[in-house]
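Single-letter residue listing:
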Amino acid sequence: MSSRPLPPPRTLLIIMLGNALYALDVVLFLLPSGMITGGTTGLALFFFHQFGLPVSVFVWGFNLLTFLLGAWVLGRSFALTTLVSSIAYPTFLGLFQRLPLSPPIADDLLLSAIFCGLLIGVSIGLILQAGASSGGMDIPPLILQHKLGIPVAVSLYGFDLVILLLQAFFTDVRQVFYGILMVLVYTLTLDKVLLTGLSRTQVKIVSASYREICDAIIRQIDRGCTLIRSESGFCHDEGFMVLTVISNRELPRLNRLVLSIDPGAFMVISRVSEVKGRGFSLSRDYRRPE
């Protein structure tokens, strides 16, 4: 098995925070409202309603079983990223269930579905951003992919479908629809959280003053530029297009800078999901041409 160093304290704190938010969400919104959900929590709700087994007890046992299975099949590297979540989530869940927490909107299924989805999306997003797995039902799809080559998304959706059908035995049709709404909100929120702090703005600038604009971006905004050879479609004038990637809040400053140099500059602005390299995922390396 491959070795891997322990995560830094900041990463551990983020994983703990994500699991705490997830457990709090289950106690405040999911359990009191009776909504259905997928994953380990959904399976635990089925055993709770059918056999009276406490949710935290089932989650503890199931997470431990899947963790040991995943560590055996997928190796030590997987185990280290999953161990914290496999212990933290059921621990927080059992703790919050013992506290006198009063559900604020348990009687309003619509608000419960929305806020439950929001908190799940934020909590799982924090865990994934920290490079960890939330454990539980995330592990069997990974094992099936490793052993049988089945795509994770296919098996994950299959497991969630079975879990949702199991919960349909003790809930009504209205709760099923609210559960679907919660899953939609959770999915959208998760996508936003995963991209938070990663998205950037890409700007393409076509101007006869491309060298002056490029130099100004480097010196005044402290961002790199790439000159791409271009040719206009109508007059076939040859020149260069300036390509740069900046943070979202630097866009107004860049816009003023470019227009101050060339009021007729043509700019194409687009949002990119993630940028890797110097100045973003790597530290800046200042190199001046000799």
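Residues numbered from 1 in each chain as written. Predicted model: local features only at pLDDT ≥ 70, side-chain atom pairs only at ≥ 80, totals over all residues. Heavy atoms only, no water.

Some details on the sheet that holds strand 3 (residues 238-246)
Defined as follows: Between any two strands, pairing holds if DSSP finds at least two bridges. Strands are runs of DSSP state E lasting at least 2 residues, helices are runs of H or I lasting at least 4, and numbering of each runs from the N terminus. Axes here mean lines fitted to C-alpha atoms, for a helix over just the part in contact, with angles spanning 0 to 180 degrees between N-to-C directions.
Pairing within the open sheet is antiparallel, and its four strands lie in the order 2-3-1-4. Pairing within the sheet leaves two strands with one partner each, and these edge strands are strand 2 (226-231) and strand 4 (266-272). Put simply, the sheet's adjacent strands are angled 25 degrees from each other on average, direction ignored. Pairing of strand 1 (residues 200-206) with strand 3 involves six bridges; the strand directions are antiparallel.

Quick word on the packing of helix 2 (residues 39-51) against helix 3 (residues 55-74)
How two helices pack is summed up by the angle between their axes together with the distance between the axes. Formally: Oblique is the label for any angle not covered by the other classes, which are roughly parallel (under 35 degrees), roughly antiparallel (over 145) and roughly perpendicular (65 to 115). Crossing handedness is read from the near helix: turned anticlockwise from the far helix by less than a right angle, it gives a left-handed crossing, and turned clockwise, a right-handed one. Contacts were defined at the residue level, with two residues in contact if any of their heavy atoms lie within 4.5 Å.
Across the interface, helix 2 lies against helix 3 with an axial gap of 9 Å and an inter-helix angle of 130 degrees. One way to sum up the angle between helix 2 and helix 3 is to call them oblique. The interaxial crossing formed by helix 2 with helix 3 has right-handed handedness. Residue-level contacts link Thr40, Leu43, Ala44, Leu45, Phe47 and Phe48 of helix 2 to Val55, Phe58, Val59, Phe62 and Asn63 of helix 3.

Overview of the nonpolar core
Cut-off, in case you're wondering: In this description, a nonpolar core means a group of buried Ala, Val, Leu, Ile, Met, Phe, Trp, Tyr and Cys residues linked to one another through side-chain atoms lying within 4.5 Å. Burial classes: relative accessible area under 20% of the type maximum marks a residue as buried, over 50% as exposed, and values in between as partly exposed (1.4 Å probe, protein chains only).
Core analysis: the largest hydrophobic core is formed by 31 residues, its most contacted members being Leu30, Met35, Tyr89, Leu93, Cys116 and Met182. Looking at this core, the elements that each hand over two or more residues are helix 1 (9-33), helix 2, helix 3, helix 4 (76-98), helix 5 (109-129) and helix 8 (173-195). By residue number, the principal contributor to this core is helix 1, which donates eight residues. If we skip the residues at most four places from it in the chain, Cys116 touches Asp25, Phe29, Leu30, Met35 and Met182. Counting residues in hydrophobic clusters, the runner-up holds 15 residues, among them Val242, Leu254, Val258 and Ala265.

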